Amino acid sequence: IQLDPDSIVGLAREAVGLLPSAANRVTVQVNPEDADRLRELLPEASDEEARWQVISDPAIVMGGCRVICGQSTVDATIEARMQQLATSLSGDERL
């Protein structure tokens, strides 16, 4: 599977959008290769996005991210999204 290297920005934006509206001090954890690309693109983004703290985490598969702000976490890793898809397709909330 080949990924659009810029898609990590859209995914991070989507995940941050799920945080409470008063969220600040946003930390975005991504694969080291995605981290380089995200850091490269963020200075061109909005002021709010440019303040995101980007953390490299080799345990996160490329194309996924985890967003943390205070007590809130949005898990948008590949594994979490696949689990959500499996749950949705099976109709079984226990998966």
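All values reported here derive from a predicted model rather than from experimental measurement.

1. Some remarks on the overall build of the protein
- For the protein, the helix and strand inventory stands at 4 helices and 4 strands.
- Seen in sequence order, the protein has helices and strands lined up from the N terminus as α-β-α-α-β-β-β-α.
- Look at the contacts in the protein between residues 6 or more apart in sequence, and 66% of them connect residues 24 or more apart.
- Approximately 6,300 Å² of the protein is accessible, and the part contributed by carbon and sulfur atoms is 50%.

2. Regarding the confidence of the model for the protein
- Put simply, the protein has an average pLDDT of 84, and 88% of its residues get 70 or more.
- At the level of individual helices and strands, the protein shows its lowest average pLDDT in helix H3 (residues 47-50), which scores 76, and its highest in strand S1 (residues 27-30), which scores 95.

3. Focus: the pattern of salt bridges
- Applying the stated criterion to the full structure yields 2 salt bridges.
- Taking the shortest distance from any N to any O, the salt bridge between Arg39 and Asp36 comes out at 3.9 Å. Taken as a pair, Arg39 and Asp36 lie in helix H2 (residues 32-41) at a separation of 3 residues, close to a single helical turn.
- The shortest N-O distance in the salt bridge between Arg37 and Glu40 comes to 2.2 Å. Pair noted here: Arg37 and Glu40 are both in helix H2, with a separation of 3 residues, about one helical turn.

4. A word on H2
- Along H2, the positions that sit buried rather than exposed are Asp34, Ala35, Leu38 and Leu41. Projected down its long axis, H2 carries its buried residues within an arc of 135 degrees, all on one side. Projecting away from the buried face of H2 at angles above 90 degrees are the exposed residues Glu33 and Asp36.
- On its buried face, H2 is in contact with helix H1 (7-17), S1 and strand S2 (53-56).
- A distance of 2.9 Å separates the backbone nitrogen of Glu33 from a side-chain oxygen at the start of H2, and that oxygen is part of Asn31.

Basis of the calculations
Residues numbered from 1 in each chain as written. Predicted model: local features only at pLDDT ≥ 70, side-chain atom pairs only at ≥ 80, totals over all residues. Heavy atoms only, no water. Helix = DSSP H or I, 4+ residues; strand = E, 2+ residues; numbered from the N terminus. Contact = heavy atoms within 4.5 Å. Areas by Shrake-Rupley, 256 points an atom, 1.4 Å probe, with all protein chains shown as cover. pLDDT = per-residue confidence, 0-100. Salt bridge = Lys/Arg side-chain N within 4 Å of Asp/Glu carboxyl O. Buried < 20%, exposed > 50% of the residue type's maximum accessible area, 1.4 Å probe, protein only. Arc of directions from axis to C-beta. Polar contact = N/O pair within 3.5 Å; in protein donor to acceptor, adjacent residues only side chain to side chain.

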